[in-house]
Amino acid sequence: MAAEIRPMKYLVMTGSGRQGSFNARLAALAAAAVEANGGTADRARITDFPVPVYDGDLEAAEGIPAGAVAFKDRLEANDAFILACPEYNASVPGSVKNLIDWISRMRPQPLHQRQALIMSASPSMAGGNRGLWALRVPLEHLGTRVYPDMFSLASAHAAFGDDGKLLDDPLAKRLDDNVAGFMELVEAAVVFPCVRHAWVEFLGERPDPATDRVQIE
Ligand code: FNR
(Lines give C-alpha, C1' and ligand atoms only; values in the text may rest on other atoms or scores of the structure.)
Protein backbone atom coordinates (compact mmCIF):
# COMPACT_ATOMS: atom_id res chain seq x y z
CA MET A 1 0.00 0.00 0.00
CA ALA A 2 1.32 3.44 -0.88
CA ALA A 3 2.47 5.58 2.04
CA GLU A 4 0.04 8.37 2.94
CA ILE A 5 1.63 11.70 2.10
CA ARG A 6 0.59 14.51 4.42
CA PRO A 7 1.29 18.19 3.76
CA MET A 8 4.90 18.98 4.65
CA LYS A 9 5.51 21.71 7.21
CA TYR A 10 8.11 24.42 6.62
CA LEU A 11 9.58 26.95 9.00
CA VAL A 12 10.10 29.99 6.77
CA MET A 13 12.46 32.31 8.60
CA THR A 14 14.09 35.67 7.97
CA GLY A 15 17.59 36.37 9.22
CA SER A 16 16.70 40.05 9.64
CA GLY A 17 14.31 41.61 12.13
CA ARG A 18 14.30 44.96 10.34
CA GLN A 19 11.00 46.62 9.49
CA GLY A 20 10.70 46.53 5.72
CA SER A 21 13.41 43.86 5.43
CA PHE A 22 14.02 42.74 1.84
CA ASN A 23 14.72 39.26 3.14
CA ALA A 24 11.36 39.24 4.93
CA ARG A 25 9.71 40.16 1.64
CA LEU A 26 11.57 37.37 -0.10
CA ALA A 27 10.56 34.97 2.70
CA ALA A 28 6.92 35.99 2.18
CA LEU A 29 7.20 34.95 -1.47
CA ALA A 30 8.87 31.67 -0.47
CA ALA A 31 6.03 31.03 2.01
CA ALA A 32 3.46 31.71 -0.72
CA ALA A 33 5.28 29.26 -3.01
CA VAL A 34 5.27 26.64 -0.24
CA GLU A 35 1.52 27.02 0.19
CA ALA A 36 0.87 27.05 -3.58
CA ASN A 37 2.63 23.68 -3.73
CA GLY A 38 0.57 22.12 -0.91
CA GLY A 39 2.83 22.73 2.09
CA THR A 40 2.27 24.78 5.23
CA ALA A 41 4.46 27.79 6.06
CA ASP A 42 5.26 28.75 9.65
CA ARG A 43 6.74 32.27 9.47
CA ALA A 44 9.42 33.48 11.88
CA ARG A 45 12.26 35.96 12.07
CA ILE A 46 15.56 36.02 13.89
CA THR A 47 14.29 38.47 16.53
CA ASP A 48 11.66 35.93 17.65
CA PHE A 49 14.58 34.03 19.21
CA PRO A 50 16.59 36.48 21.33
CA VAL A 51 19.76 35.01 22.82
CA PRO A 52 22.82 36.53 24.50
CA VAL A 53 26.23 36.33 22.86
CA TYR A 54 27.42 32.75 23.29
CA ASP A 55 29.63 32.33 26.32
CA GLY A 56 30.71 28.98 27.77
CA ASP A 57 30.58 30.27 31.34
CA LEU A 58 27.03 31.56 30.81
CA GLU A 59 26.02 28.18 29.40
CA ALA A 60 27.58 26.38 32.37
CA ALA A 61 25.84 28.69 34.85
CA GLU A 62 22.43 29.10 33.24
CA GLY A 63 22.14 26.45 30.52
CA ILE A 64 20.68 27.01 27.06
CA PRO A 65 18.71 30.31 26.83
CA ALA A 66 14.96 30.28 26.22
CA GLY A 67 15.32 31.86 22.77
CA ALA A 68 17.49 28.98 21.56
CA VAL A 69 15.10 26.41 23.03
CA ALA A 70 12.22 28.17 21.26
CA PHE A 71 14.13 28.02 17.95
CA LYS A 72 14.85 24.31 18.44
CA ASP A 73 11.14 23.72 19.16
CA ARG A 74 10.11 25.56 15.97
CA LEU A 75 12.64 23.60 13.89
CA GLU A 76 11.35 20.33 15.30
CA ALA A 77 7.70 21.29 14.83
CA ASN A 78 8.38 21.49 11.08
CA ASP A 79 9.74 19.05 8.50
CA ALA A 80 12.26 21.48 7.01
CA PHE A 81 13.25 25.14 7.05
CA ILE A 82 13.77 27.94 4.57
CA LEU A 83 16.02 30.78 5.69
CA ALA A 84 16.12 34.10 3.84
CA CYS A 85 19.26 35.69 5.24
CA PRO A 86 21.03 39.01 4.63
CA GLU A 87 24.71 39.18 3.81
CA TYR A 88 26.72 41.23 6.27
CA ASN A 89 30.30 42.02 5.30
CA ALA A 90 30.38 39.18 2.80
CA SER A 91 29.34 36.68 5.46
CA VAL A 92 26.58 35.52 7.82
CA PRO A 93 25.02 38.09 10.19
CA GLY A 94 26.48 37.56 13.65
CA SER A 95 22.98 37.20 15.11
CA VAL A 96 22.24 34.21 12.88
CA LYS A 97 25.59 32.53 13.54
CA ASN A 98 25.18 33.14 17.27
CA LEU A 99 21.77 31.42 17.30
CA ILE A 100 23.25 28.48 15.35
CA ASP A 101 26.09 28.30 17.88
CA TRP A 102 23.66 28.13 20.79
CA ILE A 103 21.49 25.37 19.36
CA SER A 104 24.59 23.38 18.32
CA ARG A 105 25.14 22.86 22.06
CA MET A 106 21.91 20.88 22.45
CA ARG A 107 21.66 17.09 22.37
CA PRO A 108 20.09 15.72 20.27
CA GLN A 109 21.69 18.37 18.07
CA PRO A 110 18.67 19.97 16.31
CA LEU A 111 20.30 20.79 12.96
CA HIS A 112 21.44 17.23 12.38
CA GLN A 113 19.64 15.64 9.39
CA ARG A 114 17.44 18.72 8.90
CA GLN A 115 16.59 19.85 5.36
CA ALA A 116 17.19 23.52 4.49
CA LEU A 117 16.79 25.90 1.58
CA ILE A 118 18.71 29.15 1.93
CA MET A 119 18.11 32.39 0.08
CA SER A 120 19.17 36.02 0.29
CA ALA A 121 18.19 39.50 -0.83
CA SER A 122 20.41 42.55 -1.04
CA PRO A 123 20.46 45.91 -2.81
CA SER A 124 23.84 44.86 -4.25
CA MET A 125 24.35 43.16 -7.59
CA ALA A 126 25.51 39.94 -5.89
CA GLY A 127 22.22 39.66 -3.98
CA GLY A 128 23.89 38.49 -0.77
CA ASN A 129 25.12 35.28 -2.38
CA ARG A 130 28.50 35.34 -0.62
CA GLY A 131 26.68 35.32 2.70
CA LEU A 132 24.87 32.13 1.66
CA TRP A 133 28.13 30.34 0.93
CA ALA A 134 29.29 31.34 4.39
CA LEU A 135 25.96 30.21 5.88
CA ARG A 136 26.32 26.76 4.30
CA VAL A 137 29.48 26.10 6.32
CA PRO A 138 28.06 25.93 9.87
CA LEU A 139 24.80 24.35 8.66
CA GLU A 140 26.54 21.57 6.75
CA HIS A 141 29.11 21.20 9.53
CA LEU A 142 26.18 20.41 11.83
CA GLY A 143 24.69 17.84 9.45
CA THR A 144 21.95 19.92 7.82
CA ARG A 145 21.23 18.93 4.23
CA VAL A 146 21.37 22.29 2.51
CA TYR A 147 19.62 22.20 -0.86
CA PRO A 148 22.19 22.68 -3.66
CA ASP A 149 20.30 25.50 -5.40
CA MET A 150 20.25 28.85 -3.63
CA PHE A 151 18.24 31.90 -4.57
CA SER A 152 19.88 35.33 -4.32
CA LEU A 153 17.88 38.41 -5.18
CA ALA A 154 20.06 41.24 -6.54
CA SER A 155 18.97 44.92 -6.54
CA ALA A 156 16.35 43.98 -3.96
CA HIS A 157 15.38 47.63 -3.39
CA ALA A 158 13.99 47.72 -6.96
CA ALA A 159 12.84 44.11 -7.31
CA PHE A 160 9.39 44.13 -5.64
CA GLY A 161 6.13 45.50 -6.96
CA ASP A 162 3.48 47.14 -4.78
CA ASP A 163 1.78 43.74 -4.47
CA GLY A 164 4.97 42.29 -2.93
CA LYS A 165 5.68 40.08 -5.94
CA LEU A 166 8.85 40.17 -7.99
CA LEU A 167 8.58 42.52 -10.95
CA ASP A 168 10.72 40.24 -13.14
CA ASP A 169 8.55 37.31 -14.26
CA PRO A 170 11.37 34.89 -15.21
CA LEU A 171 13.00 35.55 -11.84
CA ALA A 172 9.67 34.93 -10.06
CA LYS A 173 9.38 31.62 -11.88
CA ARG A 174 12.93 30.70 -10.90
CA LEU A 175 12.08 31.35 -7.24
CA ASP A 176 8.90 29.23 -7.45
CA ASP A 177 10.81 26.43 -9.20
CA ASN A 178 13.57 26.57 -6.58
CA VAL A 179 11.04 26.21 -3.74
CA ALA A 180 9.13 23.45 -5.57
CA GLY A 181 12.33 21.47 -6.23
CA PHE A 182 13.27 21.72 -2.57
CA MET A 183 9.80 20.58 -1.51
CA GLU A 184 10.04 17.46 -3.66
CA LEU A 185 13.28 16.53 -1.92
CA VAL A 186 11.85 17.20 1.55
CA GLU A 187 8.81 15.06 0.85
CA ALA A 188 11.01 12.23 -0.42
CA ALA A 189 13.26 12.49 2.64
CA VAL A 190 10.33 12.44 5.08
CA VAL A 191 8.31 9.71 3.36
CA PHE A 192 11.25 7.54 2.28
CA PRO A 193 13.91 8.07 4.96
CA CYS A 194 16.45 5.78 3.32
CA VAL A 195 19.54 7.79 4.22
CA ARG A 196 20.07 6.92 7.85
CA HIS A 197 23.19 8.92 8.51
CA ALA A 198 23.79 12.52 7.57
CA TRP A 199 27.01 13.69 6.04
CA VAL A 200 29.68 14.03 8.66
CA GLU A 201 33.27 15.15 8.31
CA PHE A 202 35.66 12.28 8.74
CA LEU A 203 38.97 13.85 9.59
CA GLY A 204 40.53 10.78 11.08
CA GLU A 205 39.49 11.80 14.57
CA ARG A 206 38.36 9.07 16.94
CA PRO A 207 34.62 9.05 17.80
CA ASP A 208 34.27 10.94 21.06
CA PRO A 209 31.01 12.22 22.60
CA ALA A 210 32.93 15.21 23.95
CA THR A 211 33.64 16.49 20.44
CA ASP A 212 31.02 14.83 18.21
CA ARG A 213 28.46 17.19 16.71
CA VAL A 214 26.00 14.46 15.79
CA GLN A 215 24.67 11.29 17.30
CA ILE A 216 25.65 8.08 15.56
CA GLU A 217 22.87 5.55 16.14
C1 FNR B 1 25.19 45.20 4.94
N2 FNR B 1 24.80 45.05 3.63
C3 FNR B 1 25.52 44.26 2.77
N4 FNR B 1 25.01 43.91 1.54
C5 FNR B 1 25.71 43.10 0.72
O6 FNR B 1 25.24 42.76 -0.36
N7 FNR B 1 26.96 42.64 1.09
C8 FNR B 1 27.52 42.96 2.28
O9 FNR B 1 28.60 42.51 2.56
C10 FNR B 1 26.78 43.79 3.16
N11 FNR B 1 27.29 44.11 4.40
C12 FNR B 1 26.46 44.72 5.32
C13 FNR B 1 26.90 44.82 6.65
C14 FNR B 1 26.04 45.37 7.60
C15 FNR B 1 26.48 45.43 9.03
C16 FNR B 1 24.77 45.85 7.22
C17 FNR B 1 23.83 46.43 8.26
C18 FNR B 1 24.36 45.78 5.92
C19 FNR B 1 23.56 45.69 3.15
C20 FNR B 1 22.41 44.76 3.32
O21 FNR B 1 22.33 43.88 2.21
C22 FNR B 1 21.11 45.56 3.40
O23 FNR B 1 21.15 46.38 4.57
C24 FNR B 1 19.89 44.69 3.42
O25 FNR B 1 18.78 45.53 3.30
C26 FNR B 1 19.81 43.85 4.69
O27 FNR B 1 18.78 42.90 4.59
P28 FNR B 1 17.30 43.22 5.10
O29 FNR B 1 17.36 43.74 6.50
O30 FNR B 1 16.72 44.22 4.15
O31 FNR B 1 16.61 41.90 5.01
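Residues numbered from 1 in each chain as written. Predicted model: local features only at pLDDT ≥ 70, side-chain atom pairs only at ≥ 80, totals over all residues. Heavy atoms only, no water.

Take the nonpolar core next. Tyr-10, Met-119, Leu-153 and Val-179 are the most contacted members of the largest nonpolar core, which totals 30 residues. Counting residues per element, the ones that place at least two in this core are strand E1 (9-14), helix H1 (22-36), strand E3 (80-84), strand E4 (115-121), strand E6 (151-153) and helix H6 (169-191). Considering each element in turn, this core owes the most residues, eight residues, to H1. Once you skip the residues sitting within four places of it in the chain, Leu-153 turns out to touch Leu-26, Ser-120, Ala-121, Ser-122, Gly-127, Ala-159, Phe-160, Leu-166 and Leu-171. In this structure, Leu-99, Ile-100, Ile-118 and Met-150 belong to the second largest nonpolar core, which totals 27 residues. (Core = buried A, V, L, I, M, F, W, Y, C linked by side-chain atoms within 4.5 Å. Buried < 20%, exposed > 50% of the residue type's maximum accessible area, 1.4 Å probe, protein only. Helix = DSSP H or I, 4+ residues; strand = E, 2+ residues; numbered from the N terminus. Contact = heavy atoms within 4.5 Å.)

Turning our attention to the pairing of E4. Judged by how many residues are buried, E4 sits mostly within the fold: seven of seven residues are covered. Here E3 runs beside E4; their pairing, made up of five bridges, is parallel. Each bridged residue has a counterpart across the sheet, and for Phe-81 the counterpart in E4 is Ala-116. In this fold, the crossover linking E3 to E4 by way of helix H4 (residues 94-103) has right-handed handedness. (Pairing = 2+ DSSP bridges. Right-handed = clockwise from strand over helix to strand, strands pointing away.)

Axis separation between H4 and helix H5 (residues 129-141) bottoms out at 11 Å; the angle between their running directions is 5 degrees. With respect to their mutual orientation, H4 and H5 come out roughly parallel. Residues Val-96, Lys-97 and Ile-100 of H4 lie in contact with H5, whose contacting residues are Leu-135, Pro-138 and Leu-139. Its residues assigned to classes, the contact of H4 with H5 comprises five nonpolar, no polar and one charged. (Axes fitted to C-alpha atoms, helices over the stretch in contact; angles between N-to-C directions. Parallel < 35°, antiparallel > 145°, perpendicular 65-115°, else oblique. Nonpolar A, V, L, I, M, F, W, Y, C, P; charged D, E, K, R; others polar.)

What follows concerns the pairing of E3. Burial analysis of E3 places five of its five residues in the buried class, which makes it a mostly covered element. Judged by which residues are buried, E3 turns out to be covered on both faces: Ala-80, Ile-82 and Ala-84 on one side and Phe-81 and Leu-83 on the other are all buried. In this structure, E1 lies alongside E3, joined through five bridges in parallel fashion. Paired with Thr-14 across the bridge in E3 is Ala-84.

A word on the site of the ligand. Taken together, the neighbourhood of the ligand is formed by 14 residues, with Ser-16, Arg-18, Ser-21, Glu-87 and Ser-122 sitting nearest. The side chain of Asn-23 places a nitrogen or oxygen atom 2.8 Å from an oxygen atom of the ligand. Contact distances for the ligand include 2.8 Å between an oxygen atom and a backbone N or O atom of Ala-90. A class-by-class count of the residues in the shell around the ligand yields five nonpolar, six polar and three charged. (Near = heavy atom within 4 Å. Polar contact = N/O pair within 3.5 Å; in protein donor to acceptor, adjacent residues only side chain to side chain.)

Once that is clear, we can look at unusual backbone geometry. For the bond from Arg-107 to Pro-108, the omega torsion is -5 degrees, close enough to zero to count as cis. Tracing the chain through its elements places Pro-108 in the loop between H4 and E4. Positive phi, normally seen in glycine, also occurs at Asn-89, with a value near 50 degrees. In this model, Ser-155 sits at a positive phi of 45 degrees, which is unusual for a non-glycine residue. Locating Ser-155 in the fold gives a position in the loop between E6 and H6.

In this section: H5. Its 13 residues place the ends of H5 19 Å apart at the C-alpha level, agreeing with the 18 Å of an ideal helix rising 1.5 Å per residue. Within the span of H5, buried status applies to Gly-131, Leu-132, Leu-135, Arg-136, Pro-138 and Leu-139. Taken together, the buried residues of H5 touch E3, H4, E4, strand E5 (145-146) and E6. Backbone geometry just downstream of H5 places Gly-143 in the positive-phi region, at approximately 90 degrees. (Expected span 1.5 Å × (residues − 1).)

Attention now moves to the pattern of salt bridges. If you walk through the whole model with that rule in mind, you get nine salt bridges. Between Asp-73 and Lys-72 there is a salt bridge; the shortest N-O distance is 3.1 Å. Between Glu-76 and Lys-72 there is a salt bridge; the shortest N-O distance is 3.9 Å. Taken together, the residues Glu-76 and Lys-72, both in helix H3 (residues 66-76) and four residues apart, mark about one turn of the helix. In the salt-bridge network here, residues are joined through shared partners; they are Lys-72, Asp-73 and Glu-76. (Salt bridge = Lys/Arg side-chain N within 4 Å of Asp/Glu carboxyl O.)

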